[in-house]
Amino acid sequence: MEQLKQRILTEGRVKSGNVLKVDSFLNHQMDIHLFDEMGKAFKERYKEDEITKIVTIEASGIGIACIVARHFNVPVVFAKKSESRNLDGDLYTSPIYSFTHQKEYMVRVSKKFLSAEDKVLVIDDFLANGCALLGLIDIVKKSGATLEGAGIVIEKGFQHGGQQIRDMGVRLESLAIIDSMTDDSLTFRD
Ligand code: 5GP
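Residues numbered from 1 in each chain as written. Predicted model: local features only at pLDDT ≥ 70, side-chain atom pairs only at ≥ 80, totals over all residues. Heavy atoms only, no water.

The end-to-end C-alpha distance of helix H2 (residues 32-45), which contains 14 residues, comes to 20 Å, matching closely the 20 Å that a straight helix rising 1.5 Å per residue would cover. For H2, the full list of buried residues reads Leu-34, Phe-35, Met-38, Gly-39, Ala-41 and Phe-42. When H2 is viewed along its axis, its buried side chains cluster within an angular range of 165° and face the same direction. In H2, the exposed positions angled more than 90 degrees off the buried face are occupied by Ile-32 and His-33. Considering only its buried residues, H2 is in contact with helix H1 (2-11), helix H3 (60-72), strand E7 (119-127), strand E8 (146-156) and strand E9 (172-181). One side-chain oxygen at the N-terminal end of H2 lies 2.9 Å from the backbone nitrogen of His-33; it belongs to Asp-31. (Helix = DSSP H or I, 4+ residues; strand = E, 2+ residues; numbered from the N terminus. Expected span 1.5 Å × (residues − 1). Buried < 20%, exposed > 50% of the residue type's maximum accessible area, 1.4 Å probe, protein only. Arc of directions from axis to C-beta. Contact = heavy atoms within 4.5 Å. Polar contact = N/O pair within 3.5 Å; in protein donor to acceptor, adjacent residues only side chain to side chain.)

Below is the structure:
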């Protein structure tokens, strides 16, 4: 998606540890017009699929998922990272290792909101080593729902997550795939 690539090139900052900071339009301040274009792009890519639910993970995935969901006209369910008295009843859980926080935590989704009848599109902001996406896929599988695919805003193609998930036979669509990045240069896959 050309518009997204241009924003990454002009506003993205490469931080230590292979972290790309895009907090002016994606991870802190959110450009809702750009998000709307992303929603259109995912809808175009999954237009043949009868998606019934968007699944994402808190926190950064939620804003994008909500706008994507408007294009599919379906609800969003987000996996929660912490226990809460508001989260009652039976849960699907999966352990996830966080790339940005460098620790493992359990994510959870109430069984009320995901079932075998659902056809799921998983949405997230970044794909690096694939832990977040694998955890969400695990939760979808535990619910018996059909995983139609995943949509990622920025895939860091030089990390192994994308390859691993495509090798599992999962349909994975990324709006921008970065092949290499250093302080002063960033290249995209065509
Ligand atoms: P993974 O689990 O694939 O290793 O990492 C994906 C998760 O880590 C995403 O949900 C995202 O929040 C975070 N993440 C991974 N790489 C980056 C990055 O370069 N920049 C930012 N802002 N977040 C990242």
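All right, on to the site of the ligand then. Near the ligand lie 16 residues; those nearest to it are Leu-20, Asp-124, Ala-128, Gly-130 and Lys-156. In the environment of the ligand, an oxygen atom lies 2.8 Å from a nitrogen or oxygen atom belonging to the side chain of Asp-124. Starting from 500 Å² of accessible surface for the ligand in isolation, the protein chains cover 89%. For the shell around the ligand, the secondary structure elements donating two or more residues are strand E2 (19-21), E7 and helix H4 (131-143). A per-element tally of the shell around the ligand places E7 first, with four residues. For the shell around the ligand, a count of residues per class yields eight nonpolar, five polar and three charged. (Near = heavy atom within 4 Å. Areas by Shrake-Rupley, 256 points an atom, 1.4 Å probe, with all protein chains shown as cover. Nonpolar A, V, L, I, M, F, W, Y, C, P; charged D, E, K, R; others polar.)

A cis amide bond links Glu-58 with the next residue in sequence, Ala-59, at an omega value of 0°. Located in the positive-phi region is Asn-18, a residue other than glycine, with phi close to 60°. Summarising the element assignment, Asn-18 is placed in the loop between strand E1 (13-15) and E2. Under the relative-accessibility criterion, Asn-18 is labelled partly exposed at 36%. Positive phi is not limited to glycine here, since Gln-102 has a value of about 55°. Here Gln-102 is to be found in the loop between strand E5 (91-97) and strand E6 (104-110).

The element E7 is extensively covered by neighbouring structure, given that eight of its nine residues are classed as buried. As paired strands, E7 and E8 are joined by eight bridges and run parallel to one another. Each bridged residue has a counterpart across the sheet, and for Val-122 the counterpart in E8 is Ala-150. In this region the chain leaves E7, passes through H4 and returns to the parallel neighbour E8; the handedness of that crossover is right-handed. (Pairing = 2+ DSSP bridges. Right-handed = clockwise from strand over helix to strand, strands pointing away.)

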